[in-house]
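Observations on chain architecture
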Amino acid sequence: MRKRDHNVLTNAASLLVCGLLAGVVVAAAAFPAVAMSGLAAKAGAETFGNLPTELTVARAPQISYLLASDGKTPLATMYDENRRDVKLADISPYMVKAIIAAEDHDFYKHNGVDINGVARAFVNNQNDAAGRQGASTLTMQYVRLAIAYSATHPADVVAATEDTSARKLREMRLALQVDKEFSKDEILVRYLNLASFGNGAYGIYAASQVYFGKPPSKLTIAEAALLAGMPKAPTTNDPTTPSGRLPALNRRNYVIQNMLDIKAITQQEADAARATDLVVKDKRTPNGCVAANTNSWGFFCDYFYRWWMQQETFGSTTYDRERRLKSGGYTVVTSLDVQAQQGADKAVRKAKSVNSKEAAMVAVVEPGSGRVRALAVNRQFKIDDKKTNKLNSDPAKSKKKILGNYPATVNPLLTGGDGISGYQAGSTFKIFTIVAALEKGIPLSYTINAPAQFKSEYIIDSSSPAACKGTHFYCPTNSNQKPGGPQNMWTAFAQSVNTYFVPLEQQVGAENVVEAAKRLGIQFRSSGDAKLAANKESAHQWGAFTLGVSQTTPLELANAYATLAADGKYCEPIPVQEIRDPDGKKLDIANPRCEKRFSTDVARAAVDAARCPVGDNSSTSKCGGSRTAGNVKGDVNAPVAGKSGTTDSEKTAALVAMTKQYAVAGIMADPDWPQTNVKMKHKEKDGINPPVWETLRDAMKNKPRIQFEEPGEKISKGDQRSIPNVKCQSVDSAKSRLKDAGFEVIVSETKVPSSCKAGDVAGTSPDDRTIKNGVVSIQISSGGAAAPPGGTPPARRQGG
């Protein structure tokens, strides 16, 4: 705050004259319609000298800006009042001259109260025939606005603007003090930042944008004059309305003439300004996520808004937090990656139109920071207030004429909440079983002979089709109803072998698999899932969990896999990169919130297995030949990992694909009717796979290709033992020898050509080394071939 030098005698005189005029002149000059007797009585009760001299100045509401992660691409604006404070240097000199010409010719001469003006108005207002005059200076008008914006109760706001002598006297007393403490330029810029200019524009910055689409530094004489004429009567002088256009033009020209009269402009400049056509943009600043700069980005904006409303840093109540967002003047650099977001938007709409009841949903998360880089779905982010949505796809709701969530919705389909509990993601959940097994010391090479149907120890309803006939035991099968044969984690994950993962889950404990999912960020929003996941006892019997029967969202799923890509470092999903307050101070709340939840070795081993389904390999992995989404590696052209998933009757379809920089998860489902009779697709152009890998491909454009780190030998291979050579031996002899060596032995039903006698052992699979106590398959010779047998039998595709 900078003080200006004042002439002591002048200030004293001002106080004296104000006091003398307080009982009579103010009433007549400023409020001629109010009874003189009442004003005089009020003035007598509260002498001018005893009025307050301290003005409490609170920051007026400021607009908050949301930007993409590049710090320049606009995302959205949020405000209660569209205002952005600017410095005097950022305001056109014409605007300064115009507001003085319009409101207070002697602004730079008086000490906050224009005594000559008060007296002049008093004399003028005694003549009923004469036009009424006021006596408020710009300083007094600023005081009035400052009091209103500093009020903490609605009654105080009314008192700051009520038509009484007490209010006028208080303004005069405070104006004298303000004029001592602030320079004239400071008072002027404070007024220009507070004043209302109509059409939701508060302050000169917003007014310049709304009416002319330019910063206030670029205002011309004609434009400045128009704006200067508006605070007096913003509704009457509204140039955007038919009724207000002529009054606004007349008021503009009046201000131009005043600018000429006070010699702020030349005659030539005045003539040119008056001749300028009145052209305004009438471009109200968009407010909120439904008015996001790009409609499809509204879903990301809404996720940001919901995140903000949960942050106690911004207030103890949701009301306080919303006020901070819409009045705090923050500049928020969000985590939205324009390149990734545009790619995702294009990909989901390419797969499914906005009028499709099936939702193609894609979320992108950055491993190692948790920053959400994109959220996309084939929907319009819009409130269906005109009831133009299509009927709900759920037949029961459709009969009742209940509308669905397409093509327009503001529901958090991708992130959950407000009744959205998520969607089943199928075999993508098998990664949690891998993680739990690795933590128990079971290596990737662990082999299980996967049958066509596995009779588990999990107890379910005996009437369930998933129960073994005549029992209450859970008995899953593979999607092709065929045996999987000997499988390790690499091959079983690549082929999605159900009858490998359920026995593995049973071995490590389903409760430990559920716990691993929790630590990776799965929230179990539905009441049924939450009940099963609530404690170890209930989770212990959740045998189908590894097959992805629990609900999740694309965002949760992407972040779970991102945690593994980040070597086990879990980061809370966060939609911001940087937040600065109006003074430019950077807030810590935008920093990543991460913690190490899994060992580096476990995470790298899980990722090594996850490279198999999407067509990638490492030097340690043994993926086999069949992959459920093997095209991803080639189409993205980068080291990748991930997994596809399908639920019963293909009611949902999912795919995760990730690099070291981005984890992309997509789910295709019907949000209105989870039990849809539509089969969701994978590899087809209208399936979920293309939106996921196309999003990842576009996000990775011009990004470096970073290899995933390979896991250690112990966690990948375990305690390896040599397999005895039993070639050309009898089957019984070979079985005995292999069992004695500590292996689990099975005999393959498929005979292979071999130089050994038909019926004898042609070889084993694997044929060199395998994990201690692992499964070894004996291959039976069909004879008739000289070439040595060996290698892994042709792999079979088991399911999504």
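Reference entry: report on the structure contained in this document. Not measured: the values here are computed from a predicted model.

1. A word on the overall build of the protein chain
- Within the protein chain, the regular secondary structure consists of 29 helices and 22 strands.
- A burial count over the protein chain gives 55% of its 800 residues as buried.
- When contacts within the protein chain are restricted to residue pairs at least 6 apart in sequence, those whose partners lie at least 24 apart make up 72%.
- A total of about 33,500 Å² of accessible surface is found on the protein chain, and carbon and sulfur atoms cover 50% of it.

2. Digging into the environment of Glu 457
- When you line up the elements, Glu 457 lands in the loop between β9 (448-450) and β10 (485-487).
- Looking at Glu 457, the relative accessible area reads 56%, which means it is exposed.
- For the pair formed by Glu 457 and Phe 473, sequence separation is 16 residues and the distance between their alpha carbons is 6.1 Å.
- Not counting the four nearest positions on each side in its chain, Glu 457 is found in contact with Phe 473, Gln 506 and Gln 541.

3. Notes on the sheet that holds strand β5 (residues 372-377)
- Across the sheet, which stays open at both edges, the 5 strands sit in the order β5-β4-β17-β16-β15 with antiparallel pairing between neighbours. Every interior strand has two partners, whereas the edge strands, β5 and β15 (641-646), have only one. On average, adjacent strands in this sheet sit at an angle of 5 degrees to one another, irrespective of strand direction.
- Bridging between strand β4 (residues 359-365) and strand β17 (residues 663-669) involves 7 bridges; their strand directions are antiparallel. Among the inter-strand pairings, Val 364 is bridged to a residue of β17, identified as Val 664.

4. Remarks on the sheet that holds strand β13 (residues 576-580)
- What the 4 strands build is an open sheet, ordered β2-β1-β3-β13; its pairing is mixed. Either end of the sheet is taken by a strand with one partner, and the two such strands are β2 (74-78) and β13. Sheet twist, expressed as the mean angle between neighbouring strand axes with direction ignored, is 15 degrees.
- Sheet analysis places strand β1 (residues 64-67) next to strand β3 (residues 331-334), joined by 3 bridges and oriented parallel. In the strand pairing of β3, Leu 67 is matched with Val 333.

What counts, and where the lines are drawn
- Residues numbered from 1 in each chain as written.
- Predicted model: local features only at pLDDT ≥ 70, side-chain atom pairs only at ≥ 80, totals over all residues.
- Heavy atoms only, no water.
- Helix = DSSP H or I, 4+ residues; strand = E, 2+ residues; numbered from the N terminus.
- Buried < 20%, exposed > 50% of the residue type's maximum accessible area, 1.4 Å probe, protein only.
- Contact = heavy atoms within 4.5 Å.
- Areas by Shrake-Rupley, 256 points an atom, 1.4 Å probe, with all protein chains shown as cover.
- Pairing = 2+ DSSP bridges.
- Axes fitted to C-alpha atoms, helices over the stretch in contact; angles between N-to-C directions.

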